[in-house]
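Listed here are the chains, written in short residue letters.
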Amino acid sequence: MAETCDVVIIGAGAAGLSAATRLARAGVSVRVLEARDRVGGRTWTREIDGAMLEIGGQWVSPDQTALLQTLEELGLETYPRYRDGESLYVDRDGVAHRYTGEIFPAGPETEAEIERLVALLHGMSLEVGADEPWAHPRAAEYDAISWREWLRRQSDDETATDVVSLYVAEAMLTKPAHSISLLQALLMAASAGGFEHLVDEGFILDRRVVGGMQQVSERLAAELGDAVRLNAPVRRLERGDDGVVAYADGGIEVRAKRAVVAVPPNLYSRIDFQPPLPRMRHQAHQHVSLGLVIKVHAVYDTPFWREDGLSGTVFAPFETITEVYDNTNHDDPRGTLVGFVSDLAADASFGLGEEAQRQQILEGLARYFGPKALEPRVFYLSDWGSEEWTRGAYAASFDLGGLSRYGALQTQPEGAIHWACSDIAAAGYQHVDGAIRRGWAAADEVLEQLRA
Ligand code: FDA
């Protein structure tokens, strides 16, 4: 027996649930169909061996006003990331240098070159903007050159270009710098308010949510009650003149006037759209993919690095673990380090096998923080690439040329189908803030259609 409602939403991540609650608050009836046995998608706050860990999205920055507004509405509090003391920059020879401030101690000439490149990219990112980067007069040109190659052409200082490259490639899109375009890099920077913000970890990784980011989705879902169905992967979505029909596991069949597909674009092809989507969309979906990063958690009895005057922050562009931060939970006497192993290094790390992988990562942390780092109480490596309903981390980006060719199509409705997720956001692209913004935007499109 088919259920009927005004709008069916596919995916109960921050985007789908933001769309659903906005619609429900406007008096529209909704059903949310979620493939997993939990809500939250790429936000996932888990208790592992007695430690509360953020396996997915966690940080909030001051410009993420949609997320901040949502946190306030849901009664969720935030706390600042610990960052007192000196940070470490690990140079090309593996030597760790202590420093404070934003620019790494890479030598005066290289530092000046980094600053010059950052200023140049900041200006370019603001000029291209996050809303319609494909509409910029030089979009096709910027999309035809790799981020790596463009940087190389700007400077002979390899360390400067490697460092600047990291801010977008390893740290954000989590793909090798040769596989993403300059245009995609500028979108990433513009979506965060400009390149200068990407460089400023004090800004971009400012605060965390007390009790965990997944609560955003959990609380939104609680507001929707029975309208959210878990363990309900949508397999088929039909659309016609009088609306849509979604078919999910468990014999679920939902008829609605409109649908919001709130899953990352790399998973669109898991749904059998009938009639098939137009040719251009099928093409577009084959040029967008998720990056890959391992989020490493190591929990210790105390945050021992602080006694040594260290903030826990490490930048190591030439090492396996390229970034490390103090990720100690609010009001927790234990100390937690979080590290990131990105793209090619992630492939190599998984290739080692579990024991050797653990050893390699802990030895890496020990080189930054001393032998105490070798013996965590809790150790956990995220494996988002193996998650059937995500398949990578953090989010999706186009291959070379894809953004200028297909970008404009991403948010355009297809008949009664609307699209939402952080991967197609402008401001907040790839972040929880962008997921919420796209959720709200899709809901507003739907409301306009329903009222027409
Ligand atoms: P999301 O992927 O969360 O939701 C999609 C939902 O659809 C999922 O629940 C999925 O199960 C479901 N689904 C898929 N196919 C389906 C189908 N056929 N039928 C039904 N359901 C289906 N962001 C940030 O702001 N700060 C941060 O610090 C970080 N850090 C970070 C670390 C790591 C390791 C990851 C993986 C990600 C981040 N992010 C982040 C990114 C952030 O978590 C992400 O952009 C948003 O949570 C995405 O929310 P969406 O709702 O757009 O997609």
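Up top is the structure.
How each quantity is defined
Residues numbered from 1 in each chain as written. Predicted model: local features only at pLDDT ≥ 70, side-chain atom pairs only at ≥ 80, totals over all residues. Heavy atoms only, no water. Helix = DSSP H or I, 4+ residues; strand = E, 2+ residues; numbered from the N terminus. Contact = heavy atoms within 4.5 Å. 1 Å grid on protein atoms, 1.4 Å probe; cavity = no way out; pocket = protein on both sides within 12 Å on 5 of 7 lines; lining within 4 Å. Points joined across faces, edges and corners; volume = space filled by probe spheres on them. Nonpolar A, V, L, I, M, F, W, Y, C, P; charged D, E, K, R; others polar. Domains from an automatic or database assignment. Buried < 20%, exposed > 50% of the residue type's maximum accessible area, 1.4 Å probe, protein only. Pairing = 2+ DSSP bridges. Axes fitted to C-alpha atoms, helices over the stretch in contact; angles between N-to-C directions. Phe/Tyr/Trp six-rings, centres within 6.5 Å; stacked < 30°, edge-to-face > 60°. Lys NZ or Arg CZ within 6 Å of the ring centre and 35° of its normal.

Caption draft 1: Fine view of the environment of His 330. Inspection of the secondary structure assignment puts His 330 in the loop between β17 (323-326) and β18 (335-342). Linking His 330 and Thr 78, residues 252 residues apart in sequence, is a C-alpha distance of 9.0 Å. Not counting chain neighbours up to four residues away, the residues in contact with His 330 comprise Tyr 79 and Val 210.

Caption draft 2: The layout of surface pockets, seen in detail. Taken as a whole, the second largest pocket holds about 310 Å³ of empty space. What lines the second largest pocket is a set of 17 residues, among which Ser 165, Glu 170, Pro 317, Asp 343 and Leu 344 lie closest to the centre. Mapped by element, the contributors of at least two residues to the lining of the second largest pocket are α6 (158-173) and α12 (343-351). When grouped by side-chain class, the residues that make up the lining of the second largest pocket number six nonpolar, five polar and six charged. Two domains each provide a minimum of three residues to the lining of the second largest pocket, namely domain 2 (45-83 + 205-212 + 290-383) and domain 3 (107-198).

Caption draft 3: Representation of the pairing of strand β16 (residues 310-315) within the structure. Taken across its six residues, β16 has six buried, putting it largely inside the fold. As judged from the two bridges shared by β16 and β17, these two strands associate in the antiparallel manner. Within β17, the residue paired with Val 314 across the bridge is Val 324.

Caption draft 4: View of the sheet that holds β18. Strand order across the open sheet formed by seven strands is β7-β6-β16-β17-β18-β15-β19, with mixed pairing between neighbours. Whereas interior strands pair on both sides, the edge strands pair on one side only; in this sheet they are β7 (96-99) and β19 (378-381). Each strand axis lies, on average, 20° off the axis of its neighbour in the sheet, ignoring direction. When strand β15 (residues 293-300) meets β19, the two strands line up antiparallel, connected through four bridges. The residue of β19 that forms the bridge with Val 296 is Leu 381. Relative to β18, α12 is tilted by about 105°, and along the sheet it contacts β15 and β18.

Caption draft 5: Fine view of the packing of aromatic side chains. By the definition in use, this model includes 20 aromatic pairs. Within the aromatic cluster, the residues linked to one another by ring pairs are Trp 59, Tyr 89, Tyr 99, Phe 104, Trp 147, Trp 150, Tyr 167, Phe 195, Phe 315, Tyr 325, Phe 340 and Tyr 394. One Lys or Arg, Lys 295, reaches over the ring of Trp 59 and ends 5.8 Å from the middle of that ring.

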